[in-house]
Amino acid sequence: MLDPHTGHKVAGCLILLSLFHINLSAGSSTGKGSQSHDDMHVIHNNQLDLREIVFVIQSQSNSFHVRQAERRRADFLKQAHSLGEKPPVVLLSHTLSNHEGDWSILPLLPNLSYSFGKNSSWIVFLEEETNVKLTKLVEVLAKFNKKNEWFLGKPLHDEESTIIHHYAFAENPSVFKYPDFAAAWAVSTPLVVRLANKVKNEPLKSDFTIDLKHEVALYIWDNGNGPPLTAVPELCTEPEDSHETRHCATTLRTEPAPCGELVNKEDIFVAVKTCKKFHNKRVPVIKKTWEKDAFFLEYYSDYADASIPTINLGVPNTERGHCGKTFAILQRFLSGAVPETKWLLVVDDDTLISLSRLQGLLSCYNPSEPVCLGERYGYGLSQGGYSYITGGGGMVFSREAVVRLLDSGCKCYSNDAPDDMVLGMCLNALELPVTHSPLFHQARPEDYARDFLAHQVPISFHKHWNIDPIAVYNKWLKEDLGGKASDGLNENAKTEL
């Protein structure tokens, strides 16, 4: 049954349904997800209207991201107006209901099926940075028989088994393809309807949401019972002004985000969590790489070592969780014992980070708002769970967010509780959003698809396992004297910040 709040909001969007009609040939085949390449391109008399496509922008409730999503929606309206037609349905995912788990897509499917299952043919998901050429996209979708189940996107694959994907397909990681959300991805309505029924009738098997694009693809594929991802070369992640995008229906925005000047170094306080056994192993890596870019930085340990120096917060070291230490850091941040800054960055001692890129990213956010920023994970999202910032990639808090967290009485249930998850529970109880940036990474570069990183200017990576951390920093995060990204980055990615 449609959530009454969702029903009201989605129904309002139906007014936007277009009569825009494009007479294009559609592909045909038979069987679920088993269409051959030749069958797909057989010419039929089927026609695809723009009003048959529902666009869902994977938006967020933070004010900066709302503005970004609204600009993307305005672009759809502008394109439709230039064609002399009424606009398509464009939904912002964060507005569809009050359910925290909507960003994980699968909980949204029953509502999308209820509202659009009978009068639409495609649901197209896209990110705030994704440019869409409407006429080209309709032309592309018209190649596929809309009566069959389709899962379309730009495929990514793992080159080695990775912890963020639970070491799936360990014998041949490259065999499984999942979509790059930045290129947009599409599901046909018959598939949406079937998946919606499955979501309603069968509880999701995993409690954790880690890499959403991979997990959505696994759910759709369903051990071979559902369709695999079909590669669509017109779904692209090249910059919109590239000469290689003539065939593309989607591209990435090339202009910088409409933000102000870089946040000053003096506005960021950096807290590094460490312990005695890593003083001589991990701390030297920080000192050789990114420590010099911090104006205010303290190392917090279970042992005071004047040579670093470290500060003993009186919290014993734990093998996992570190909740007690993190909350002691939050309290110290507000205590007057450290300089008063607008932002707090909490990292592990094996976090590799570009503080200069973080300064650029933070210029997009208002520190007077309760901002909690990093790589977002989820726990129990389909059963009323919560989102949290995974700690290894770095957790960024505005001063206002720290004030609200501590004023709420939020605290650890034990010193070794998982700090990031406890903070997530507290933020959820306070109805404060966790803001996601894909530029933070909980794992190493090797753990992410090469094509995914190719259009990024990453801010952080995490873990020293089986890598040379200084070499990784120099390749992926170090800036040259001109303030540009290092040679290890794809040149086309440099505008994404």
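Look up: the structure comes first, before these words.
This is a predicted model, so every value here is computed, not measured.

When its volume is computed, the largest pocket comes out at roughly 960 Å³. Residue lining of the largest pocket: 36 residues in total, with Asp348, Gly392, Gln442, His462 and Lys463 positioned closest to the centre. Sorting elements by how many residues they give to the lining of the largest pocket places helix H12 (residues 419–429) first, with three residues. Classifying every residue of the lining of the largest pocket by side-chain character gives 13 nonpolar, 10 polar and 13 charged.

On inspection of all chains with the given rule, the structure shows four disulfides. Sulfur-sulfur distance for the disulfide between Cys236 and Cys248 comes to 2.0 Å. Handedness of the Cys236-Cys248 disulfide follows from its S-S torsion of about -90 degrees: it is left-handed. Of this pair, Cys236 sits in strand S13 (residues 235–239) while Cys248 sits in the loop between S13 and strand S14 (250–252), and the two are 12 residues apart along the sequence. Both residues of the pair, Cys236 and Cys248, count as buried. The disulfide that involves Cys323 links it to Cys412, with 2.1 Å between the sulfurs. Because the torsion about its S-S bond is -90 degrees, the bridge between Cys323 and Cys412 counts as left-handed. Here the residue Cys323 occupies a position in helix H9 (residues 323–335), and Cys412 occupies one in the loop between helix H11 (399–407) and H12, the gap between them amounting to 89 residues. Using a relative accessible area of 0% as the deciding quantity, one classes Cys323 as buried. In this structure Cys412 comes out as partly exposed when scored by relative accessible area, which is 21%.

For the structure shown, the criterion picks out 20 salt bridges. One salt bridge in this structure joins Arg404 and Glu400, with 2.8 Å as the shortest N-O distance. Of this pair, Arg404 and Glu400 are both found in helix H11, four residues apart, which corresponds to roughly one turn of the helix. Each of the salt bridges in this network shares a partner with another, and the network as a whole consists of Glu160, Arg444 and Asp447.

Time to look at the sheet that holds strand S7 (residues 151–153). The strand order across the open sheet formed by six strands is S4-S3-S5-S10-S7-S12, and the pairing between neighbours is mixed. Because the sheet does not close on itself, it has two edges, and the strands there are strand S4 (89–92) and strand S12 (230–231). Relative to strand S10 (residues 185–188), strand S5 (residues 122–126) runs antiparallel, the two being bridged by four bridges. If you follow Trp122 over to S10, its bridge partner there is Ser188. This element, helix H3 (residues 63–82), spans strand S3 (53–57), S4 and S5 of the sheet and lies at about 180 degrees to S4. Of the strands in this sheet, S3, S5, S7 and S10 are in contact with helix H5 (residues 134–141), which crosses S3 at around 120 degrees.

This part takes up the pairing of strand S21 (residues 376–379). Bridge analysis of strand S11 (residues 208–209) against S21 gives two bridges, and the strand direction is antiparallel. From the neighbouring strand, Phe208 faces S21, where its bridge partner is Tyr379. Where S21 lies against strand S22 (residues 386–389), four bridges are found, and the strand directions are antiparallel. Following the sheet pairing, Arg376 is matched in S22 by Ile389.

Let us now look at empty space enclosed by the protein. In total, this model carries nine cavities of 30 Å³ or more according to the counting rule given. Reported here for the largest cavity is a volume of approximately 780 Å³. Lining the largest cavity we find 39 residues, and of these Gln60, Glu127, His436, Ser437 and Pro438 sit closest to its centre. Of the residues that constitute the lining of the largest cavity, the class distribution is 19 nonpolar, 10 polar and 10 charged.

To continue, consider the packing of helix H4 (residues 109–116) against helix H6 (residues 189–201). Their axes nearest at 8 Å, the elements H4 and H6 cross at an angle of 130 degrees. Considered as vectors, H4 and H6 are oriented oblique to each other. Between H4 and H6 lies a crossing whose hand is left-handed. Here H4 contributes Leu109, Pro110, Ser113 and Phe116 to the contact with H6, which in turn contributes Thr189, Val192, Val193, Leu195, Ala196, Val199 and Lys200. When the residues that make up the contact of H4 with H6 are grouped by side-chain class, the tally is eight nonpolar, two polar and one charged.

Once that is clear, we can look at the nonpolar core. Leu112, Ile123, Val187, Trp290 and Leu345 are the most contacted members of the largest nonpolar core, which totals 79 residues. Not counting the four nearest positions on each side in its chain, Trp290 is found in contact with Val270, Val272, Leu297, Val347, Thr351, Leu352, Ile353, Leu355 and Tyr473. Within the second largest apolar cluster, 28 residues are counted, among which are Leu50, Phe76, Leu141 and Ala186.

A word on the sheet that holds strand S15 (residues 268–273). As summarised here, the arrangement of the seven strands in space is S17-S16-S15-S18-S23-S20-S24, forming an open sheet in which the pairing is mixed. Only two strands of the sheet have a single neighbouring strand rather than two, namely strand S17 (310–312) and strand S24 (435–436). Seen against the sheet, H11 touches strand S18 (343–348), strand S20 (372–374) and strand S23 (395–398) and runs at an angle of roughly 85 degrees to S23.

The rules behind these values
- Residues numbered from 1 in each chain as written.
- Predicted model: local features only at pLDDT ≥ 70, side-chain atom pairs only at ≥ 80, totals over all residues.
- Heavy atoms only, no water.
- 1 Å grid on protein atoms, 1.4 Å probe; cavity = no way out; pocket = protein on both sides within 12 Å on 5 of 7 lines; lining within 4 Å.
- Points joined across faces, edges and corners; volume = space filled by probe spheres on them.
- Helix = DSSP H or I, 4+ residues; strand = E, 2+ residues; numbered from the N terminus.
- Nonpolar A, V, L, I, M, F, W, Y, C, P; charged D, E, K, R; others polar.
- Disulfide = S-S within 2.5 Å.
- Buried < 20%, exposed > 50% of the residue type's maximum accessible area, 1.4 Å probe, protein only.
- Salt bridge = Lys/Arg side-chain N within 4 Å of Asp/Glu carboxyl O.
- Pairing = 2+ DSSP bridges.
- Contact = heavy atoms within 4.5 Å.
- Axes fitted to C-alpha atoms, helices over the stretch in contact; angles between N-to-C directions.
- Parallel < 35°, antiparallel > 145°, perpendicular 65-115°, else oblique.
- Left-handed = near helix turned anticlockwise from the far one by under 90°.
- Core = buried A, V, L, I, M, F, W, Y, C linked by side-chain atoms within 4.5 Å.

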